[in-house]
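Notes for the structure review
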Amino acid sequence: MNARILGSRPMARHLLAPLVCALVAGWAAAAPLSARLAQDNGGNARSANPREVELVALEELLEPIRVRHGLPALGGVIFRSNGPMALGVTGFRRVRDETPAERGDLWHIGSCGKSMTAMLVAVLVQKERIRFETTLGEVFDDVPDMHAGWRDVTLHQLLGHRGGAPAQPDPALWVKLWAIKGSPRDQRRLLVEDVLAREPETVPGTSFVYSNAGYALVGAALEKRLGLPFEQLLSEEVLTPLGLVTAGFGAPGHGEALDQPRGHRGNEREPVAVEPDVRADNPPALSPAGRVHLSLIDWSRYLAAHLGGRRGQSALLPREAFEFLHRPLPGQDYALGWSRVERPWGQGRVLTHSGSNTMWYAVTWLAPTRDFGVAVVTNAAFATTQGALDEAVRALIQRFEALGGTEPPPGGPLPSDQPPPPEPLPEPAPQPEPVPAPEPQPEPTPEPVPEPEPEPVPEPEPVPEPVPEPEPQPEPEPPQPEPDPEPVPEPIPEPPPAPEPEPDPLPDPEPTPDVPPPDA
């Protein structure tokens, strides 16, 4: 496995820039902590789930990578659809402090939480509470200053970053979000009114523009339609059903107690810890775009639900719903909270996303065909952090291979990604074989067509025969008065049916412009 194992990072150019302007200050909104992991005498983590599963330790694998890149702490997990296989956390909760980071610590996953928002919409669609094609015009009919360009924008387009939402909202909006007194829901309403009053950044549906504001619009739409805060909806419909008891919003930790890792700014030479106060995360209005924190074990459970869901093993959503969530919109590789790309180590299509609020960094890769995935986290976002996490991901993929990656997926082959499944679909094409049976019907039709054709062919032949009739030039004797033969040549110009070429200039070639539609 070499340095090219991951290929180019499809999301890196989109994640950090849109959030930097949001970090003028922060908002502490950490949820209560619970269900910490215990450890057995051998140092292996045990899940908070009653089914205790011993995990392979990854600390020795991750520690050299952490030191080499100057990260405060580094964590990683390997998992399959039936749960985590290996886990490791190394380093410290805060620089210049000897408190070690632990396996049960909480990590901010940034925009990796976007797929949770998309899953929430899918759950509500299954319950017929909303539709992916619900438009902003339908939901926000009480926004009087909405620009007309937003009215037909759908939730599906916004989740796929194709709804015209801005990559960089007006900086003045962030000042307003910090200044407003009220709940996260109040903040999102302010964001809705500000963004929708402006013209969309691009014509909706025409191009990909990564937008955190677009996901905030989705969250606000769910609040408006269901009458509950986004954070409550996500907790009740997704996090709790999946058993993610450590999940919360905002930077993890409380006050001055070093109970959780701290995010870090600066660089690997001069890192600066950020305490969980108003400077520790983006405004709560952006929770739908990525303000979730949780333990590595819980994050792996969430990710495993996507692997199992593709095999029809989820009680939360049917297989078709997961396939829809993982399907890119036309003209791009971004689906709904996921980028989908091809990788040889994944034996085809893989899913990936990264997230950062400029103080934390998280990356995950899923290989649905092979039914395994990896996730790595760190409490820093230096210029070199992305490369460090890529190296950690490569190491985890290699370790998966060593742990039995050649074994068949526990859930069996993936129906949608295997070439055989789509092939049997055309196999019932023997049914269209009866279609050729009617083809003989058109065959007799052409037979009568040639029959009339030969008939006219002989008919014109006698037509020229009358033409030679004027050959009895003995008649020209009376036309010796030379004026009479002159009218005889006059019929000669008549035969050139010059009118017949006239149909050639007709707009018959115009149907050629109809060819472009196939390109669309």
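Our structure is the block above this text.
This structure is a prediction, so every number in the text was calculated from the model and none was measured.

Quick notes on unusual backbone geometry
- Of note in the backbone geometry, Arg96 takes a positive phi value of approximately 60° without being a glycine.
- Secondary-structure assignment places Arg96 in the loop between β5 (83–91) and β6 (106–108).
- The exposed category is assigned to Arg96, whose relative accessible area is 70%.
- The phi torsion at Glu128 lies on the positive side, around 60°, for a residue other than glycine.

Some remarks on the side chain of Ser211
- Structurally, Ser211 can be placed in the loop between α8 (184–196) and α9 (212–226).
- Looking at Ser211, its side chain comes within polar contact range of the main-chain nitrogen of Ala213, at 3.3 Å.
- Leaving out residues up to four positions away in the same chain, Ser211 has contacts with His161, Ala165 and Pro166.

Notes on the sheet that holds β6
- If you walk across this open sheet you meet the three strands as β6-β10-β7, and the pairing is antiparallel. Only two strands of the sheet have a single neighbouring strand rather than two, namely β6 and β7 (248–249).
- Sheet strands touched by helix α12 (residues 296–309): β6 and β10 (292–295). Its angle to β10, the strand with the most contacts, is close to 105°.

Comments concerning the sheet that holds strand β4 (residues 73–80)
- Ordered by their spatial adjacency, seven strands build an open sheet running β3-β5-β4-β14-β13-β12-β11, and the pairing between neighbours is mixed. At either margin of the open sheet sits one strand with a lone partner, and together these are β3 (56–57) and β11 (339–343).
- Relative to strand β14 (residues 372–378), strand β13 (residues 361–367) runs antiparallel, the two sharing seven bridges. Across the sheet, Val363 pairs through a bridge with Val376, a residue of β14.
- Those strands touched by helix α3 (residues 59–69) are β3, β4 and β5, and its axis lies near 40° from that of β5.
- Strands in contact with α12 are β4, β5, β13 and β14; relative to β4, the strand with the most contacts, it is inclined by about 35°.

With respect to the environment of Val376
- Mapped onto the secondary structure, Val376 falls in strand β14.
- In this structure, the C-alpha to C-alpha distance between Val376 and Leu62, residues 314 residues apart in sequence, is 9.8 Å.
- Those residues in contact with Val376, other than ones at most four positions away along the chain, are Gly75, Gly76, Trp299, Tyr361, Ala362, Val363, Leu389, Ala392, Val393 and Leu396.

Regarding the pattern of salt bridges
- This model, assessed by the stated rule, comprises 28 salt bridges.
- With a closest N to O distance of 3.1 Å, Glu193 and Arg189 form a salt bridge. Taken as a pair, Glu193 and Arg189 lie in helix α8 at a separation of four residues, close to a single helical turn.
- The class of Glu193 is partly exposed, set by a relative accessible area of 38%.
- Among the charged side chains, a salt-bridge network with shared partners connects Arg94, Asp97, Asp259, Arg262 and Glu275.

Topic: the pairing of β10
- Alternating positions in β10 separate into two faces, Val292 and Leu294 on one and His293 and Ser295 on the other, with burial throughout.
- The pairing of β6 with β10 spans three bridges and is antiparallel. If you follow Leu106 over to β10, its bridge partner there is Ser295.
- Here β7 runs beside β10; their pairing, made up of two bridges, is antiparallel. Among the inter-strand pairings, Phe249 is bridged to a residue of β10, identified as Val292.

Some words on the nonpolar core
- Judged by nonpolar contacts, the single largest core of 85 residues is most densely connected at Phe140, Trp150, Leu217, Leu234 and Trp299.
- With 29 residues, the next largest nonpolar core counts Met85, Trp345, Val376 and Ala380 among its residues.

Quick word on the pairing of β5
- Within β5, nine of the nine residues are buried, leaving the element largely enclosed by the surrounding structure.
- When β3 meets β5, the two strands line up parallel, connected through two bridges. Within β5, the residue paired with Ala57 across the bridge is Leu87.
- Pairing between β4 and β5: eight bridges, direction antiparallel. Considered in β5, the bridge of Ile78 is made with Ala86.
- Here β4 folds back onto β5, and the loop between the two strands holds two residues.

Conventions adopted
Residues numbered from 1 in each chain as written. Predicted model: local features only at pLDDT ≥ 70, side-chain atom pairs only at ≥ 80, totals over all residues. Heavy atoms only, no water. Helix = DSSP H or I, 4+ residues; strand = E, 2+ residues; numbered from the N terminus. Buried < 20%, exposed > 50% of the residue type's maximum accessible area, 1.4 Å probe, protein only. Polar contact = N/O pair within 3.5 Å; in protein donor to acceptor, adjacent residues only side chain to side chain. Contact = heavy atoms within 4.5 Å. Pairing = 2+ DSSP bridges. Axes fitted to C-alpha atoms, helices over the stretch in contact; angles between N-to-C directions. Salt bridge = Lys/Arg side-chain N within 4 Å of Asp/Glu carboxyl O. Core = buried A, V, L, I, M, F, W, Y, C linked by side-chain atoms within 4.5 Å.

No statement about biological role is implied by the geometric values presented.
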